Structures are given as structure tokens and as C-alpha cells.
Amino acid sequence: DAGITQSPRHKVTETGTPVTLRCHQTENHRYMYWYRQDPGHGLRLIHYSYGVKDTDKGEVSDGYSVSRSKTEDFLLTLESATSSQTSVYFCAISDRPRDQYFGPGTRLTVL
Amino acid sequence: AQTVTQSQPEMSVQEAETVTLSCTYDTSESDYYLFWYKQPPSRQMILVIRQEAYKQQNATENRFSVNFQKAAKSFSLKISDSQLGDAAMYFCAYRRMNSGYALNFGKGTSLLVTP
């Protein structure tokens, strides 16, 4: 299994509070991604990174920001969480177009 | 944007039988990758099989095989000799050769395996 961890694995927070999710990899892969998974929608891309300090928006980026100061860490921040951001968040890594490996996911509940 | 459609929200198969999950996609690209991912109740996303669009031969991984019809933009997954452990959500995904290598997913098919 690819070395990908996500923290926290579960989080409950209140509307309006800031939240940061962390993705950590030990594979030295160049590309990192954040997806969210919601019932009836499959997985949708939030943001991705193609190198340290190089990031770009995905399909559902509104309300989210990301940072990547080191190859191994990719942070997803909800500046002011809303109930619509209740979801399961997956981090993924890739070094080649053929393969993408996923972390275990973080379940976030915004009350 | 590329779209991936899985028209079967749920499927059921008896143990030891064969089941086929359908997937269609829309793209104007000629080179790309297609994938099937499995998501069991543990929530972990597991890569089942991969197909390169430039390869005419259908990919096979043990009991899992695909029927890739490039002209029809169809990519179905066949599971042979189904096992109880195959019960999961299955997602079809498309990936361009370039453009950050992000995946576009279908909405998934829930597979139930009955004894």
C-alpha cells in the first residue's frame, strides 16, 4: 500500500469555524489531490498540486484553500466551515498518469 | 469537461456467478486512461483495473476484466466467479494523459453479492 495518511480521520465542527485537513505521503510523489465524496456524486476534485507551492483549482473549489510547503504534505483548509461541506474527504497521490493512490479518507461533519 | 456515466446505481449477483457493470464516458481526447475502483465498507479506494486507451487489448486482472469499446466510449467491468468480498461500491474513472492527471469519476454502482 502507498504510504498516505490523513489526519484527522474524523472531525465534528461547528458552522463558521476554520478547519484544516492534512495529507501526508512518504512516497515522494509529485502530484497530490483533494477530493470530496458525497452520496449521488461520486468523488469530485477540490484542488490539486503539481509540486511544492504549485496548486490549482478543481471542480468544486469554492470555500476551500490548499497549501503545499513540502513535497510530503498537502493541507486543505475550510476558512469558515458550512453545513454543505459535510463530506468525506480523500487525499490522493500520483507520480505517473497511470496510477493514483488514495488515503483512508476523513469524515467531516459540520453542525 | 469529461463526463463519466454509470447508469446502474445498484446491481446484484449470486456468489460464483458473473456480473457486468457498465460505464460510458464522453471525451474529445484520443489518448487517456480508464479505471475501475472498488470501495468496500471500509471506505478505502482500491484500484481494480486500468486500461490505456491506445491499447486495443482489453485489460484483465484475475477475475476482473474489461470490455473497452473506444469508438462507443464504453468501458464495462466484468467480475467472474463473484465472491462475497466483491460486495462494494464500484467507480468508473477517466483520466487525461496530461492536465494534472486528476480523475473524473462516475457516481458509482453498488454491488450486492448474495450467497
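Structure report, in brief. (Residues numbered from 1 in each chain as written. Chains lettered and ligands numbered in written order. Predicted model: local features only at pLDDT ≥ 70, side-chain atom pairs only at ≥ 80, totals over all residues. Heavy atoms only, no water.)

## Topic: the pairing of strand β3 (residues 19-25) of chain A
All names here are of chain A. The alternating pattern of β3 places Val19, Leu21, Cys23 and Gln25 on a buried face and Thr20, Arg22 and His24 on a face that is not buried. Pairing geometry for strand β1 (residues 4-7) and β3, over four bridges, is antiparallel. Residue pairing for β3: Ile4 is matched across the bridge by Gln25. In this sheet, strand β8 (residues 73-78) lies alongside β3 in antiparallel orientation, the contact comprising six bridges. When the bridges of β8 are listed, Thr20 appears paired with Thr77. (Buried < 20%, exposed > 50% of the residue type's maximum accessible area, 1.4 Å probe, protein only. Helix = DSSP H or I, 4+ residues; strand = E, 2+ residues; numbered from the N terminus. Pairing = 2+ DSSP bridges.)

## A closer look at the interface of chain B and chain A
Taken together, the contact between chain B and chain A spans 21 residues of the former and 26 residues of the latter. In this assembly, chain B packs against chain A so that about 1,900 Å² is buried in total across both faces, 51% of it on carbon and sulfur atoms. The three residues of chain B that bury the most area against chain A are Arg43, Arg95 and Tyr101 of chain B, which together make up 32% of that side's buried surface. Connecting chain B to chain A are one salt bridge. We note a salt bridge from Asp99 of chain A to Arg50 of chain B, for which the minimum N-O separation is 2.2 Å. The interface formed by chain B and chain A includes eight residue pairs in polar contact (both at pLDDT 80 or more). Secondary-structure elements contributing two or more residues to the side of chain B that touches chain A are β5 (32-39), β6 (46-52), β10 (88-96) and β11 (103-105) of chain B. At four residues, β5 of chain B tops the list of elements feeding residues into the side of chain B that touches chain A. Per-class residue counts for the side of chain B that touches chain A are 11 nonpolar, five polar and five charged. (Contact = heavy atoms within 4.5 Å. Buried area = accessible area lost by both parts, 1.4 Å probe. Salt bridge = Lys/Arg side-chain N within 4 Å of Asp/Glu carboxyl O. Polar contact = N/O pair within 3.5 Å; in protein donor to acceptor, adjacent residues only side chain to side chain. Nonpolar A, V, L, I, M, F, W, Y, C, P; charged D, E, K, R; others polar.)

## Let's talk about the pattern of salt bridges
Counted according to the given criterion, the structure contains nine salt bridges over all chains. Among the salt bridges present, the one from Arg96 of chain B reaches Glu29 of chain B, with a minimum N-O distance of 3.2 Å. Placement of the pair is Arg96 of chain B in strand β10 and Glu29 of chain B in the loop between β4 (24-26) and β5, with a sequence separation of 67 residues. Here the salt bridges share partners, and the residues they tie into one network are Arg22, Lys70 and Asp73 of chain A.

## Quick word on the nonpolar core
Formed by 25 residues in total, the largest nonpolar core has its most connected members in Tyr25, Trp36, Phe75, Leu77, Tyr90 and Leu111 of chain B. Of all the secondary-structure elements, those providing two or more residues to this core are β3 (19-21), β5, β6, β8 (64-69), β9 (74-79), β10 and β12 (109-114) of chain B. Top element by residues in this core is β10 of chain B. It accounts for four residues. Formed by 20 residues, the second largest nonpolar core is a distinct cluster that contains Tyr48 of chain A together with Tyr33, Met45 and Phe91 of chain B. (Core = buried A, V, L, I, M, F, W, Y, C linked by side-chain atoms within 4.5 Å.)

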